[in-house]
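So the chains spell out like this:
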Amino acid sequence: MNKTMVFALIILTMIIVASAFNMHLFPTSTPIDVPQEMLGQVLYVCPYENSTWMSIANGFRPFTKWIVMLFVFALIILVFVWGWALYQNLLKDKFVRDAFKTPWDGTKALFWAGVIVLMILMTPNNFKRVYVFGYNEPFVLCDNVSKGAQAIPADKVSYKKW
C-alpha cells in the first residue's frame, strides 16, 4: 500500500474512534444543569444556523422527488446498457472489453452524481431539525454542552411544524 493511503486510513480510523468515544480536542463548555425531577424528560436544542450549505440544500428540497425520479430513470437506463453490452458479448461468443467501456463510464458518473446530490440534500442538520412548541423558527437537536443549548421538555419538541 502507498504511504499516503496508509496515513489516510490511520487518520480516518483515529477520527472514527475519537468521535465514537466522545473525545474532544478542545475542552467543551459546562453542561446544562437540569432539575432532578426533569431528568430523562428534556431534549437539548440549539438554534438552527442557516448557512450557505443549508440554503443550497433547502433550495433543492422542493425538487427532491424529481431528482430521485431522474436518478431511478438513469439507473434503469444503465441496467439496460449493461444488459445490452452483455448480450452483444454473448452473441459473439467472446469477451470484448470495449463493449463495457460505456456502461462502466456511466456507472462511475451516476455513482458520483448520486454522492454529490446526497451530500447536498442530506446535510446533518436535515436529520436533526426539530420544532419547539411556541417558536416559529426551527431548532436542531444537540448535546447539553453545545454552544447555545437549551433544555426543553420533550413533549414540547416535534420533528413536524406545529
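Residues numbered from 1 in each chain as written. Predicted model: local features only at pLDDT ≥ 70, side-chain atom pairs only at ≥ 80, totals over all residues. Heavy atoms only, no water.

**Q** What is the right way to read the packing of helix H2 (residues 52–60) against helix H4 (residues 101–121) from this model?
**A** For the pair H2 and H4, interaxial distance at closest approach is 8 Å and the crossing angle is 105°. Relative to H4, the element H2 is oriented roughly perpendicular. In this structure, H2 contributes Trp-53, Ile-56, Ala-57 and Phe-60 to the contact, and H4 contributes Met-119, Ile-120 and Leu-121. Considering only residue class, the contact of H2 with H4 consists of seven nonpolar, no polar and no charged. (Axes fitted to C-alpha atoms, helices over the stretch in contact; angles between N-to-C directions. Helix = DSSP H or I, 4+ residues; strand = E, 2+ residues; numbered from the N terminus. Parallel < 35°, antiparallel > 145°, perpendicular 65-115°, else oblique. Contact = heavy atoms within 4.5 Å. Nonpolar A, V, L, I, M, F, W, Y, C, P; charged D, E, K, R; others polar.)

**Q** Even after reading the chapter, I still don't get unusual backbone geometry, so can you show me in this structure?
**A** For residues besides glycine, phi is generally negative; the peptide bonds are generally trans as well. Despite not being glycine, Asp-93 has its phi angle at roughly 60°, a positive value. Secondary-structure assignment places Asp-93 in the loop between helix H3 (64–92) and H4. Of the residues examined, Asp-93 reaches a relative accessible area of 70% and is grouped as exposed. (Buried < 20%, exposed > 50% of the residue type's maximum accessible area, 1.4 Å probe, protein only.)

**Q** Before we go on, may I ask you to explain the sheet that holds strand E5 (residues 157–158) in this structure?
**A** Two orientations exist for strands paired in a sheet by backbone hydrogen bonds: parallel and antiparallel. Pairing is antiparallel across the open sheet formed by five strands, whose spatial order is E4-E1-E3-E2-E5. The sheet is open, and its two edges are formed by strand E4 (150–153) and E5, each paired on a single side. Relative to strand E3 (residues 139–141), strand E2 (residues 129–132) runs antiparallel, the two sharing two bridges. Note that in E3 the partner of Arg-129 across the bridge is Val-140. (Pairing = 2+ DSSP bridges.)

**Q** Got a minute to help me understand the nonpolar core in this structure?
**A** Grouped together as the largest cluster of nonpolar side chains are eight residues: Val-42, Tyr-44, Cys-46, Tyr-48, Met-54, Val-140, Cys-142 and Ala-149. Per element, the largest residue contribution to this core is three residues, and it comes from strand E1 (residues 42–47). In this structure, Val-130, Val-132, Phe-139 and Val-157 belong to the second largest nonpolar core, which totals six residues. (Core = buried A, V, L, I, M, F, W, Y, C linked by side-chain atoms within 4.5 Å.)

**Q** Explanation requested: the pattern of salt bridges in the structure shown.
**A** Where charged atoms from two side chains of opposite charge come close, those side chains can pair. Applying the stated criterion across every chain, the model contains two salt bridges. The closest approach of N and O atoms between Lys-101 and Asp-105, which form a salt bridge, is 3.1 Å. Here Lys-101 and its partner Asp-105 are both found in helix H4, four residues apart, which amounts to about one turn of the helix. Take Asp-105: its relative accessible area is 33%, and that puts it in the partly exposed class. Close ionic contact of Asp-105 with Lys-108 constitutes a salt bridge, the shortest N to O distance being 3.7 Å. In this pair, Asp-105 and Lys-108 both sit in helix H4, three residues apart, roughly one turn of the helix. Its relative accessible area of 38% is what places Lys-108 among the partly exposed residues. Each of the salt bridges in this network shares a partner with another, and the network as a whole consists of Lys-101, Asp-105 and Lys-108. (Salt bridge = Lys/Arg side-chain N within 4 Å of Asp/Glu carboxyl O.)

**Q** I tried to follow the state of the cysteines on my own but got confused; where do I start?
**A** Taken as a whole and judged by the stated rule, the model has one disulfide. Note on cysteine connectivity: Cys-46 is disulfide-linked to Cys-142, with sulfurs 2.1 Å apart. Its torsion about the S-S bond being 90°, the disulfide of Cys-46 and Cys-142 is classed as right-handed. Placement of the pair is Cys-46 in strand E1 and Cys-142 in the loop between E3 and E4, with a sequence separation of 96 residues. A residue is classified by how much of its surface remains accessible, and Cys-46, at 7% relative accessible area, is buried. (Disulfide = S-S within 2.5 Å.)

**Q** Honestly, the side chain of Asn-89 in this entry has me stumped. Any pointers?
**A** Topologically, Asn-89 is positioned in helix H3. Residue class for Asn-89 comes out buried when judged on its relative accessible area of 7%.

**Q** Is there a simple way to think about the packing of aromatic side chains in this case?
**A** The geometry of two aromatic rings is summed up by the distance between their centres and the angle between their planes. Inspection of every chain in the model, using the stated rule, returns five aromatic pairs. Seen from their ring centres, Trp-84 and Tyr-87 are 5.6 Å apart, and the 40° between their planes marks the pair as tilted. Residue Trp-84 and its partner Tyr-87 are located together in helix H3, separated by three residues, close to a single helical turn. Judged by relative accessible area, which is 42%, Tyr-87 ranks as partly exposed. (Phe/Tyr/Trp six-rings, centres within 6.5 Å; stacked < 30°, edge-to-face > 60°.)

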